[in-house]
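Chain by chain, the residues run as shown.
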Amino acid sequence: MSVDSRNLNGRAPRIAKNATRVSAGVRRGTQRRIERMFYFVALVLAVMGGRFVYLQGFASHQRSANAADPFTRREILQPRRGDILAADGTAIAVTLDEYAVCANPRAIKDKPKMARVIAETIGGSQDEYLSLLQKTTRPDGQPNYYVRLAKRVDEDRVRKLKARMEPRDDEHRSVRAQKRKFFEPISLEPTPRRVYPLGSFASQLVGFTTNEGKGADGLEWAWNDELGGEPGERVSQVDARKRPLPGFVKAWRAPVPGQSLVTTIDPEIQAGADEV
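An account of the accompanying structure is given in this report.

The rules behind the values
Residues numbered from 1 in each chain as written. Predicted model: local features only at pLDDT ≥ 70, side-chain atom pairs only at ≥ 80, totals over all residues. Heavy atoms only, no water. Helix = DSSP H or I, 4+ residues; strand = E, 2+ residues; numbered from the N terminus. Buried < 20%, exposed > 50% of the residue type's maximum accessible area, 1.4 Å probe, protein only. Contact = heavy atoms within 4.5 Å. Areas by Shrake-Rupley, 256 points an atom, 1.4 Å probe, with all protein chains shown as cover. Salt bridge = Lys/Arg side-chain N within 4 Å of Asp/Glu carboxyl O. Arc of directions from axis to C-beta.

Before going further, it helps to examine the overall build of the protein. Scanning the protein for helices and strands turns up nine helices and 10 strands. Across the 276 residues in the protein, those meeting the buried criterion constitute 31%. Taking contacts inside the protein between residues at least 6 apart in sequence as the whole, the part at least 24 apart equals 68%. For the protein, the accessible area works out to roughly 18,500 Å², and carbon and sulfur atoms hold 55% of it.

Moving on, we get to the pattern of salt bridges. Within this structure, the stated rule accounts for 14 salt bridges. Of the charged contacts, one joins Arg-80 and Asp-97 as a salt bridge, the two residues approaching to 2.8 Å between their closest N and O atoms. Of this pair, Arg-80 sits in the loop between strand S1 (72–77) and strand S2 (84–85) while Asp-97 sits in the loop between strand S3 (91–96) and strand S4 (99–103), placing them 17 residues apart in sequence. The class for Asp-97 is buried, based on a relative accessible area of 18%. Several salt bridges converge on common partners, so that one network encompasses Arg-168, Asp-170, Glu-171 and Lys-179.

For helix H5 (residues 173–183), the full list of buried residues reads Lys-179, Phe-182 and Phe-183. Taken down its axis, H5 places every buried residue within 80° of arc, on the same side. Turned more than 90 degrees away from the buried face of H5 sit Arg-173 and Lys-181, all of them exposed. Where H5 is buried, its residues meet helix H2 (111–122), helix H4 (155–165) and strand S6 (186–190).

Take unusual backbone geometry next. Backbone geometry places Arg-152, a non-glycine residue, at a positive phi of 55°. Structurally, the position occupied by Arg-152 is in strand S5 (residues 147–153). At Ala-202, a residue that is not glycine, the phi angle is positive and equals roughly 50°. Position of Ala-202 among the secondary structure elements: in the loop between strand S7 (193–195) and helix H6 (203–206).

The next point concerns the side chain of Lys-179. Of note, Lys-179 is situated in helix H5. The class for Lys-179 is buried, based on a relative accessible area of 14%. Among residues more than four places away in sequence, those in contact with Lys-179 are Arg-164, Met-165, Glu-166, Pro-167, Arg-168 and Glu-171.

And the structure:
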């Protein structure tokens, strides 16, 4: 059988050229697939890296904050507002330093003794105090960590209670430790109240304050920054109802009292003007 050398020789170059084109196309296709795979992997790594940074940064802080929020409360402590006085020193507007006496009933072991001590120091009914201290469970069945034993307790009675609560230097170390442990569930919450001893005397000039203790009119408003003082802060552990648990204060910054304001108001002249 004979072979036509002309056909063979003419076909060989075409086959070689086609093979070269196919090979180049395969290489280009492979290169494009590699590039796509590289970009895809880079995108996945970028997403994973961003997720990692988020979890380690913002999310972790957010989880920490959320974990602390249910049982921690940052509370602003209102300072004692300065007095407004007439020219002769007569009190026109004053703040009464009153307190609420609160307790954590679940942390008090000897409830009858605590009720007796509170009654002897600030007055009131020992039986009523004992009844409140025995409320260790809320109506919904949850543990109760907060009761208000007394409200609007004046500064003199609170001073006596503080003196009884604070350990003395002449006491034995064990006695001081027992006293601290015994009174630890008791807390004193400031509840200052603004009063005007002269009633409606020069009321339009003096003005008044809001429920938050801010000046709303007259001198109370005009001199609010000086009278208002600087608020303090208390960070405390709270119960499910967001009430501070006595004996669980984490941080405390005392408020700075406001400055008193001495006016040029003459009580006798002003009284005559009010009658007109």
